[in-house]
Amino acid sequence: MALDKNWFTEINEKGGTAFSLKTTRVLHDERSPFQHITVYETEQFGNLMVIDGFVMLSERDNFFYHEMLSHPALFTHHSPWRVLIIGGGDCGTLREVLKHQEVAEVWQVEIDERVTRIAEKFFPELCDTNQDPRAHFHFGDGIRWVTEALPDSYDVIIIDSTDPIGPAEGLFTEPFYRQCYRALNHEGIIVQQSESPLLHMDIITAMHKAMKQAGFQTTLTLNFPQCVYPSGWWSATMAGKSTALMTIRESDISKRDFTTRYYNLAIHHAAMAYPAFLEAQLGDQPHHF
Ligand code: AG3
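Residues numbered from 1 in each chain as written. Predicted model: local features only at pLDDT ≥ 70, side-chain atom pairs only at ≥ 80, totals over all residues. Heavy atoms only, no water.

## Regarding helix 7 (residues 201-213)
Along its 13 residues, helix 7 runs 18 Å from first to last C-alpha, staying within 8% of the 18 Å computed at 1.5 Å per residue. Residues of helix 7 that are buried: Met201, Ile204, Met207, His208, Ala210 and Met211. Directly after helix 7, the chain includes Gly215, whose backbone phi takes a positive value near 115 degrees. (Helix = DSSP H or I, 4+ residues; strand = E, 2+ residues; numbered from the N terminus. Expected span 1.5 Å × (residues − 1). Buried < 20%, exposed > 50% of the residue type's maximum accessible area, 1.4 Å probe, protein only.)

## With respect to the site of the ligand
Close contacts around the ligand come from 14 residues, with Glu10, Val55, Asp90, Asp160 and Asp163 the closest. When atoms are counted within 2 Å of each cavity's grid points, the one that captures over half of the ligand is the largest pocket. Breaking the shell around the ligand down by element, the ones donating at least two residues are strand 5 (54-58) and helix 1 (62-74). Sort the elements by how many residues they give to the shell around the ligand and strand 5 lands first, with three residues. The residue makeup of the shell around the ligand, split by class, is seven nonpolar, three polar and four charged. In terms of domain composition, the shell around the ligand takes at least three residues from each of domain 1 (2-58) and domain 2 (62-281). (Near = heavy atom within 4 Å. 1 Å grid on protein atoms, 1.4 Å probe; cavity = no way out; pocket = protein on both sides within 12 Å on 5 of 7 lines; lining within 4 Å. Sits in = over half its atoms within 2 Å of the grid points. Nonpolar A, V, L, I, M, F, W, Y, C, P; charged D, E, K, R; others polar. Domains from an automatic or database assignment.)

## Side note on the domain arrangement of the protein
As far as domains go, the protein holds domain 1 (2-58) and domain 2 (62-281). Summarising the inter-unit geometry, the C-alpha centres of domain 1 and domain 2 are found 24 Å apart. In this complex, domain 1 contributes 24 residues to the contact, which on the side of domain 2 involves 23 residues. When domain 1 packs against domain 2, close to 2100 Å² is buried across both sides, 68% of that on carbon and sulfur atoms. On the surface where domain 1 and domain 2 come into contact, there are two salt bridges. Here Lys14 and Asp202 are joined by a salt bridge, their closest N and O atoms 3.8 Å apart. (Contact = heavy atoms within 4.5 Å. Buried area = accessible area lost by both parts, 1.4 Å probe. Salt bridge = Lys/Arg side-chain N within 4 Å of Asp/Glu carboxyl O.)

This is the structure:
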């Protein structure tokens, strides 16, 4: 069936797939110095942000991704105090991080200020904690920021980027992970969005290898649903300098004083489970460290 002009479609040429949402109008369309940003109003999924033809987020389902990119890492680190977000311009990840009272300071380093300005207008619910005094913004190059950071500057680094093509390419490389390793304290953790386990196993495997080569002792991929991204199934990959990534702060998770819509203790455990094909590719999970 041919789709008419009222449908937005993301075509994944390499994977031979496409995903569509029925739209009601275009709310915003601009070419920033870095990328082409469009916001649609959809019929069933609320507002939708698209960058260079790739879905970034919809109002209806972004909670899966933003919660899974933040809470597992923050509940694995024993005391996440200083957090750095690379990318994350829509501020959805930042909002989740700020829910953790023990976090004293968050820096968000996004290359494209326009993404944040557009999110403030069309995704206000993600930006309503941006005035929190613990939140700090820098619009610039994340690789440069990490390279210039002092050693031991952060407890957790979250990389909330686009796909590894275009501006985000350098964020998927060993030299970048080396700089993250250096900028983290000795129990530091990084977590990065790592595409679809079904479509992008090559990216996930290369990421584990590069993180280990950069010095991280343990790596672990979390998997979770994300229907608006290619294949509808997505992942985030964590790496720890010295932290056993499968030992999590269970009672703090159960006693958390904030609401989530997807994340909870059972989901954290479930996300760590490797389906057989993932286990075959990545080897055993770091159970015993
Ligand atoms: N996250 C974008 C993840 C990559 C999506 N890829 C795709 N649609 N092909 C950044 C936005 C959420 N903060």
